[in-house]
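Overview (structure and organization)
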Amino acid sequence: KYTVYRATAQNGTYKKLGTSKTLSYTDSKAKAGNTYYYKVIANGSKSTYDSGYSNIVSCGVICGTPSVSVKVDANTGKPTLSWKKVDAATGYAIYRDGELLTTVTAVTYADTSAAIDTQYSYAVQALGKTEDLNGSLSKAVSATSGIATPKLTGKVNAEGQPILTWDAVEGAVKYEIYRSTKSSKSYKLVATVEELTYTDETVSAGKTYYYKVKAIASNSAANSAYSSVKSMKSK
């Protein structure tokens, strides 16, 4: 058989790691991010027949490969990546369309620089203490950026009519207003405007209405999500 010894420094203290009756040995106890040093002796039928130590070889254990998912954030319209922490990783490199975009220490990344209505491909690499311990690139994931969701506010004017307002959304060419008399269902499109405000002149006095707004892009695939619901009671 053969006995394998391991140390954490070339001139460090070597401890018996295991034995093998074949011509190979897998160090299942090695931890990612570390470099180990090994030497082997050939064992005879008696210890007095054992060989001397082999030459020393070193091996760095690279970081694991992240499993990355991506979704478009409903509020911002930007692609957001997420993955689980990789053992021994000191950070993560984010690649977009094959080029290094940035490095982060968190396990999420929002691509705030993504252009509207553009498809991107992303991959993530776990970074080790030294470059030779970096992991492999993850499997690529793709997402198409959209436009942000309007932030809806409102009040009732002197005539008792609900007035809705929202901030301009980059990339929006118009806005759709939806209304219901129930908070969670039965919304219908009541108006499409290019302005940042809408006065509902078709309400009945003393009735509560629920509104939400969607920002519309030149390409429908980039339209925003619905805003939060705003309720108002007409007078």
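Heads up: the structure comes first, above all this text.
Read on for a plain summary of the structure.

1. Regarding the overall build of the protein chain
A count of helices and strands for the protein chain gives 0 helices and 18 strands. Taking 2.2 N^0.38 as the reference for a compact globule, 235 residues should give roughly 18 Å; the C-alpha atoms of the protein chain span a radius of gyration of 31 Å, well beyond that estimate. Dimensions of the protein chain, computed from the C-alpha atoms along their principal axes, are close to 105 × 30 × 25 Å. Counting every position in the protein chain, which comprises 235 residues, the buried fraction comes to 38%. Considering only residue pairs separated by 6 or more positions, the protein chain has 56% of its internal contacts joining residues 24 or more positions apart. Total accessible area on the protein chain stands at roughly 13,700 Å², and carbon and sulfur atoms take up 47% of it. Each charge sign in the protein chain was given a centre, from 29 positive and 18 negative side chains, and these centres are 14 Å apart.

2. Overview of the pattern of salt bridges
This model, assessed by the stated rule, comprises 3 salt bridges. When the shortest N-O distance is used, the salt bridge between Arg6 and Asp27 registers 2.8 Å. Here the residue Arg6 occupies a position in strand 1 (residues 2–7), and Asp27 occupies one in the loop between strand 2 (15–20) and strand 3 (35–42), the gap between them amounting to 21 residues. For Asp27, a relative accessible area of 17% puts it in the buried group. For the salt bridge of Asp111 with Arg96, the shortest nitrogen-to-oxygen distance reads 2.8 Å. Of this pair, Asp111 sits in the loop between strand 9 (108–110) and strand 10 (119–127) while Arg96 sits in strand 7 (residues 91–96), and the two are 15 residues apart along the sequence. For the pair Asp111 and Arg96, one class covers both residues: buried.

3. Brief notes about the side chain of Ser224
Turning to its location among the elements, Ser224 is positioned in the loop between strand 17 (208–217) and strand 18 (230–233). Within the structure, Ser224 has its side chain in polar contact with the backbone nitrogen of Ala215 (distance 2.8 Å). Residues within four places of Ser224 in sequence aside, it is in contact with Ile147, Ala148, Thr149, Pro150, Lys214 and Ala215.

4. Topic: the sheet that holds strand 1
One open sheet holds the 4 strands; their spatial order is 2-1-3-4, and the pairing between them is antiparallel. Among the strands making up the open sheet, the edge pair consists of strand 2 and strand 4 (57–60). Between one strand axis and the next, the sheet turns by 30 degrees as a mean value, whatever way the strands run. As judged from the 6 bridges shared by strand 1 and strand 3, these two strands associate in the antiparallel manner.

5. Some points on the sheet that holds strand 17
The antiparallel open sheet is built from 4 strands, whose spatial order is 15-14-17-18. Only two strands of the sheet have a single partner each, and these edge strands are strand 15 (188–193) and strand 18. Between one strand axis and the next, the sheet turns through 30 degrees on average, direction left out of account.

6. Overview of the nonpolar core
What tends to happen in soluble globular proteins is that the nonpolar side chains get buried as a cluster. Within the largest apolar cluster, 18 residues are counted, with the highest numbers of intra-cluster contacts made by Leu164, Trp166, Tyr175, Ile177, Tyr198 and Tyr211. Within the residue set of this core, elements represented by two or more residues are strand 13 (162–166), strand 14 (172–180), strand 15 and strand 17. With 16 residues, the next largest nonpolar core counts Cys63, Trp83, Ile94 and Val141 among its residues.

7. Here's the deal with the packing of aromatic side chains
Tallying each qualifying case throughout the model produces 7 aromatic pairs. Centre to centre, the rings of Tyr209 and Tyr211 are 6.5 Å apart; their planes meet at 40 degrees, and the pair counts as tilted. In this structure Tyr211 comes out as buried when scored by relative accessible area, which is 0%. The residue whose ring lies beneath Lys212 is Tyr187, and the NZ or CZ to ring-centre distance is 4.2 Å. Just above the ring of Tyr226 sits the side chain of Lys214; from NZ or CZ to the centre is 4.4 Å.

Conventions and cut-offs
Think of each chain on its own: its residues are numbered from 1, step by step along the sequence as written. The model is predicted, so local features are restricted to residues of pLDDT at least 70 and side-chain atom pairs to those at 80 or more, both for listing and for counting; the totals for chains, interfaces and linings are taken over all residues. Remark: hydrogens and water are excluded; side-chain values derive from all non-hydrogen atoms of the structure. Strands are runs of DSSP state E lasting at least two residues, helices are runs of H or I lasting at least four, and both sets are numbered from the N terminus onward. Only C-alpha atoms enter the radius of gyration, while the globule expectation follows 2.2 Å times N to the 0.38, with N the number of residues. Partly exposed residues are those whose accessible area sits between 20% and 50% of the maximum for their type, while under 20% is buried and over 50% is exposed, using a 1.4 Å probe and protein chains only. Throughout, a residue-residue contact means that at least one pair of heavy atoms, one from each residue, lies within 4.5 Å. Here the Shrake-Rupley method, with its probe set to 1.4 Å, supplies the accessible areas, and only the displayed protein chains count as covering residues. In this tally Asp and Glu are treated as negative and Lys and Arg as positive; neither His nor the chain ends contributes. One atom stands in for each charge, and that atom is NZ of Lys, CZ of Arg, CG of Asp or CD of Glu. In the sections that follow, a salt bridge refers to a side-chain nitrogen of Lys or Arg positioned within 4 Å of a carboxyl oxygen of Asp or Glu. Polar contact is the term for a pair of N or O atoms within 3.5 Å; when the atoms are in protein, one must be able to donate a hydrogen and the other to accept it, and sequence-neighboring residues count only if both atoms are side-chain atoms. Any two strands with at least two DSSP-identified bridges between them are counted as paired. The axes are straight lines fitted to the C-alpha atoms, using for helices just the contacting stretch, and the angles between their N-to-C directions are given from 0 to 180°. Nonpolar cores were defined as sets of buried Ala, Val, Leu, Ile, Met, Phe, Trp, Tyr and Cys residues, with membership established by side-chain atoms within 4.5 Å. The rule is short: rings of Phe, Tyr and Trp, with Trp giving its six-membered ring, pair when the centres are within 6.5 Å, and they are stacked under 30 degrees, edge-to-face over 60, tilted in between. Sitting over a ring, as applied to charges here, requires NZ of Lys or CZ of Arg to be within 6 Å of the ring centre and within 35 degrees of the ring normal.

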